[in-house]
Amino acid sequence: MDWSNNRNLTMLVDFYELTMGNGYMKEGIGERKAVFDMFFRKVPDGAGFAICAGLEQLVGYLKNLHFSSDDIDYLRSKNMFGEDFLNYLRDFKFSCNVWAVPEGTPIFPGEPVVIVEGPVIQAQLIETMVLLSINFQSLVTTKANRICRAAEGRPVMEFGSRRAQSYDAAVLGARAAYIGGCTGTACAISEREYQIPALGTIAHSWVQMFPSEYEAFKAYAETYPSACTLLVDTYNVLKSGIPNAIKVFDNVLAPMGYRPQGVRIDSGDIAYLSKKARKMLDEAGYPDCKIVASNSLDEYLIRDLLLQGAKIDSFGVGENLITSKSDPVFGGVYKLVAVEDENGKMQPRIKLSESAEKITTPNKKMLYRLYKKDDHEAVADYIAMYDETVPSEGSITLFDPVNTWKCKTFTDVEIKPILTQVFKDGECVYDLPDIEEIKAYCHDQVDHLWDEVKRFENPHRYYVDLSENLWNVKHILLTEYQG
């Protein structure tokens with residue numbers, strides 16, 4: 001079930017998408033075919049790559065795209081739109097072609113993540129939701145993957161619901177975090193909607209509700225003997241929390257035939273406390289009792305804890321994950337790259353800028369990934385004209401899209417297309433994978449990247465370059481417009 005399918009989100013647009021649509025119709029060009037690219041310019045946190053997510057929600061939105069009578073009445077009340085345009089919206093039927101990068105795929109600045117081709121009114125109308133769907137979940141998936149890699153195989157639980165920017169962000173953020181590698185979420189509705197394991201035990205308030213910490217622990221152990229994880233930092237981790245936990249393990253769980261699942265530390269010097277707690281638990285006969293750490297963690301804190309020898313078996317990460325607090329904007333943009341002329345032929349369009357990285361790459365395109373044949377590592381991405389013939393293997397020369405005088409030849413590589421068609425003439429032609437397939441695919445695809453690209457600081461720059469034909473088209477347009 002898709003969280004967004006229960007609501008009609010058609011009017012979740014920037015208002016200019018409607019004013020331009022009305023203007024296109026007035027000018028008689030509303031049905032003229034146009035091509036738009038959705039891409040991004042910078043990876044959050046200065047990382048070497050991002051990960052695409054949110055396609056399932058975009059597909060659900062496009063399938064349900066329609067204007068209600070209330071929508072039409074609202075637009076009419078603005079006294080800005082012609083009746084022919086309002087009638088067009090009333091009878092609206094999505095008819096565009098859409099290509100997209102599958103969820104879980106590593107993506108890089110400048111390459112098309114979503115391509116939309118169709119009547120310009122329609123292609124323009126969906127801009128906001130294309131960006132909204134892909135930007136947010138890609139941001140959280142990318143952050144989650146960094147955090148999970150920092151944990152070096154230890155489970156990471158997403159604990160960010162109460163810090164998310166809205167209830168939609170809590171639900172879809174949990175989905176994105178799971179794709180990125182998290183083992184589960186504190187957000188219960190995300191399990192119902194997306195089959196993401198819902199995890200959680202007790203808060204400090206549970207401990208405070210009882211006359212003593214021991215009685216609180218005892219009551220919880222008696223209620224959940226097979227899944228007993230105790231929060232041990234309400235008062236004092238080493239002087240009361242761990243001793244009381246051990247006492248409950250001995251007096252309550254052991255007589256019932258159960259072993260404790262774990263203890264959680266949510267404050268203090270977690271590295272020091274975890275090492276002392278581990279020693280106490282081991283000496284008490286509970287070496288299998290896991291230690292869970294939480295408290296405003298991120299990839300850098302997790303990495304440092306492990307470097308300090310912290311005895312932590314899993315992590316709960318909340319606000320820094322769900323909001324990507326260190327870099328909370330995924331700067332995806334949606335730009336026109338081609339327009340059909342009067343003869344039905346697509347003509348490339350380019351947007352210029354004083355900043356070289358903001359100059360767009362024109363024309364309808366296809367995206368490919370190059371893999372070394374010997375070890376199957378990804379070495380570069382290749383953006384070509386949509387109708388170019390690209391070999392599936394061999395050697396290929398790439399041109400830098402910004403520093404266009406630079407080129408590089410790769411030899412003995414496999415060349416695989418990344419973009420897949422999602423809609424054809426408005427009909428969905430893509431079988432959406434389930435969440436477990438997406439998560440496994442994400443892990444596999446990240447594993448194919450060089451370790452140097454995956455560094456947290458100063459990562460290796462991954463090549464994303466153009467074919468010679470596409471480079472020539474861009475160069476010609478640059479010369480014409482600058483001239």
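Here goes a summary of the coordinates provided.

Examining the layout of surface pockets
1) Next: When its volume is computed, the largest pocket comes out at roughly 1,000 Å³.
2) Next: Together, 35 residues line the largest pocket, and Phe159, Ala186, Gly200, Arg264 and Ser294 are the ones closest to its centre.
3) Next: At the level of secondary structure, the elements contributing two or more residues to the lining of the largest pocket comprise β8 (229-231), β9 (262-265), β10 (290-293) and β11 (314-317).
4) Next: Tallying contributions element by element places β11 first for the lining of the largest pocket, with three residues.
5) Next: Residues of the lining of the largest pocket, tallied by class, amount to 14 nonpolar, 14 polar and seven charged.
6) Next: Estimated volume of the second largest pocket: approximately 700 Å³.

Some thoughts on the pairing of strand β15 (residues 378-385)
1) Next: Taking burial as the measure, the eight residues of β15 include eight buried ones, the bulk of the element.
2) Next: Where strand β14 (residues 365-372) and β15 come together, seven bridges link them in antiparallel fashion. Bridging from a neighbouring strand, tyrosine 368 pairs with tyrosine 382 of β15.
3) Next: Of the strand pairs in this sheet, β15 and strand β20 (residues 463-466) are connected by four bridges, and their pairing is parallel. Opposite tyrosine 382, over in β20, you have aspartate 465 as the bridge partner.

Some remarks on helix α2 (residues 55-63)
1) Next: Among the nine residues that make up α2, eight are buried, leaving the element largely enclosed by the rest of the structure.
2) Next: All of the buried residues in α2 are Leu55, Glu56, Gln57, Leu58, Val59, Gly60, Tyr61 and Leu62.

Remarks on the pattern of salt bridges
Side chains carrying opposite charge are able to pair once their charged atoms draw close together.
1) Next: Tallied over the entire structure, the rule returns 31 salt bridges.
2) Next: One salt bridge connects arginine 163 with glutamate 319, and the closest N-O pair in it is separated by 3.0 Å. On the criterion of sequence distance, the pair formed by arginine 163 in the loop between β6 (156-158) and α7 (167-180) and glutamate 319 in helix α14 (residues 319-322) is long-range, its members being 156 residues apart.
3) Next: Residue arginine 163 is classed as partly exposed on the basis of its relative accessible area, which comes to 46%.
4) Next: The exposure class of glutamate 319 is partly exposed, given its relative accessible area of 21%.
5) Next: Salt-bridge contacts for glutamate 193 lead to arginine 192; the nearest nitrogen and oxygen are separated by 2.7 Å.
6) Next: Judged by its relative accessible area of 58%, arginine 192 falls in the exposed class.

Details of the sheet that holds β6
1) Next: With parallel pairing, the six strands of this open sheet are ordered in space as β7-β6-β11-β10-β9-β8. The outermost strands of the open sheet, each flanked by one partner alone, are β7 (184-185) and β8.
2) Next: Relative to β9, helix α11 (residues 237-256) is tilted by about 160°, and along the sheet it contacts β8 and β9.

What to know about the sheet that holds strand β19 (residues 427-428)
Sheet strands pair by backbone hydrogen bonding; their relative direction is either parallel or antiparallel.
1) Next: Ordered by their spatial adjacency, seven strands build an open sheet running β13-β12-β1-β5-β3-β18-β19, and the pairing between neighbours is antiparallel. Each end of this open sheet is capped by a strand with a single partner; those strands are β13 (346-348) and β19.
2) Next: As paired strands, strand β3 (residues 97-100) and strand β5 (residues 114-119) are joined by four bridges and run antiparallel to one another. For valine 98, the partnering residue across the bridge sits in β5 and is valine 116.
3) Next: Packing against the sheet, α2 makes contact with β3, β5, β18 (420-424) and β19, and its axis sits at approximately 15° to β18.

What counts, and where the lines are drawn
- Residues numbered from 1 in each chain as written.
- Predicted model: local features only at pLDDT ≥ 70, side-chain atom pairs only at ≥ 80, totals over all residues.
- Heavy atoms only, no water.
- 1 Å grid on protein atoms, 1.4 Å probe; cavity = no way out; pocket = protein on both sides within 12 Å on 5 of 7 lines; lining within 4 Å.
- Points joined across faces, edges and corners; volume = space filled by probe spheres on them.
- Helix = DSSP H or I, 4+ residues; strand = E, 2+ residues; numbered from the N terminus.
- Nonpolar A, V, L, I, M, F, W, Y, C, P; charged D, E, K, R; others polar.
- Buried < 20%, exposed > 50% of the residue type's maximum accessible area, 1.4 Å probe, protein only.
- Pairing = 2+ DSSP bridges.
- Salt bridge = Lys/Arg side-chain N within 4 Å of Asp/Glu carboxyl O.
- Contact = heavy atoms within 4.5 Å.
- Axes fitted to C-alpha atoms, helices over the stretch in contact; angles between N-to-C directions.

Spatial relationships are all this shows, so hold off on functional conclusions.
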